[in-house]
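Listed below are the residues making up each chain.
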Amino acid sequence: MTNSTKPIGIFDSGMGGISVLKEAKKMLPFESFVFFGDGKNIPYGTKSINELIKLSDDICTMLIEEYDVKAIVIACNTATSAAVSYLRKKYEIPIIGMEPALKPAVKDHYGGTVGVLATEVTLREEKFQKLSALYNVSTTVLELPAPNLVYLVERGIVDGDEALKEIQVALRGEASRLDALVLGCTHFVFLREAINTFFEGKLAIYDGNLGTINNLKRILEAQALLASGPEGFVKILNSGGDHLVEQSWKLYRL
Ligand code: DGL
């Protein structure tokens, strides 16, 4: 197997990363992907940094040793904030992380109020705090931790009354103040339509999935690692058991 035909590893605590996998496969159809969801250890959003580094490290080692991946995408804002620097120092292959898409949201809504729905860890960690400090002068950045939405998507619920009710809870009475909303957790990308319905299509919504895959593509190109065909495969693994693999395929095919 030449380097460019090797698969790409992607991981998350669970279903959220499937939204990144979907975008990746759409943009890079010739690439093969091995996705790992850590259903046994979900949620990541309330764990300590040391725990998150250990979990991410073990997953990267497994993806490299068992699947010989040429690059790894951390399809999780939480694991990125906790572990990306550590992983980049330890491993030689490219490690692509993600962060909440605050920059484009602020650019489009300068001076307004931008909400960021993410996990507690993502919002609390230095990476986001530094990013937010850059913009919080001109624009109000509202931090909205939303663990309830992670569980919702994990159960495969992405629309309907229950989704709308949980979205309302997650917005903590701040909905009418918002000019834009950033989905800073990959799980929430599956709720994009429901959130759009909640706001009657009147609120600008941002996520980091496309930016992350564009970044992956640029890095693969620069290192002559981009596959050039035929169409690649997708493999989905989950530490939480086969029912979560099935659930992941359902969301992948949505
Ligand atoms: N999907 C993850 C993220 O983007 C985290 C969800 C969790 O708490 O496990 O942050």
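Residues numbered from 1 in each chain as written. Predicted model: local features only at pLDDT ≥ 70, side-chain atom pairs only at ≥ 80, totals over all residues. Heavy atoms only, no water.

Engineer: Tell me about the packing of helix H1 (residues 16-27) against helix H11 (residues 242-253), and name the residues and values.
Structural biologist: Taken N-terminus to C-terminus, the directions of H1 and H11 make an angle of 50°; their axes are 9 Å apart at the nearest point. In this view, H1 runs oblique relative to H11, as classed from their interaxial angle. Considering the relative orientation of H1 and H11, their crossing is right-handed. For the pair formed by H1 and H11, the contact residues are Ile18, Leu21, Lys22 and Lys25 on the first element and Ser248, Leu251 and Tyr252 on the second. (Axes fitted to C-alpha atoms, helices over the stretch in contact; angles between N-to-C directions. Helix = DSSP H or I, 4+ residues; strand = E, 2+ residues; numbered from the N terminus. Parallel < 35°, antiparallel > 145°, perpendicular 65-115°, else oblique. Left-handed = near helix turned anticlockwise from the far one by under 90°. Contact = heavy atoms within 4.5 Å.)

Engineer: Any chance you could break down the packing of H1 against helix H10 (residues 209-222) for me, citing the residues and the numbers?
Structural biologist: The contact between H1 and H10 brings their axes to 9 Å, and the two run at 50°. As far as their axial angle goes, H10 and H1 are oblique. At the point where H1 passes H10, the crossing takes the right-handed sense. Along its contact with H1, which presents Ser19, Val20, Glu23, Ala24 and Met27, the element H10 presents Asn209, Leu210, Ile213 and Asn214.

Engineer: Let's hear about the pairing of strand S7 (residues 180-183): which residues, and what values?
Structural biologist: Every second residue of S7 is oriented toward a common face, with Ala180 and Val182 on one face and Leu181 and Leu183 on the other, all of them buried. In this sheet, S7 lies alongside strand S5 (residues 113-118) in parallel orientation, the contact comprising four bridges. What sits directly across from Val114, in S7, is Ala180. With four bridges joining them, S7 and strand S8 (residues 204-207) adopt parallel strand pairing. Its bridge partner being in S8, Leu183 is matched across the sheet by Asp207. Crossover handedness for the path S7 to helix H9 (residues 192-198) to S8: right-handed. (Buried < 20%, exposed > 50% of the residue type's maximum accessible area, 1.4 Å probe, protein only. Pairing = 2+ DSSP bridges. Right-handed = clockwise from strand over helix to strand, strands pointing away.)

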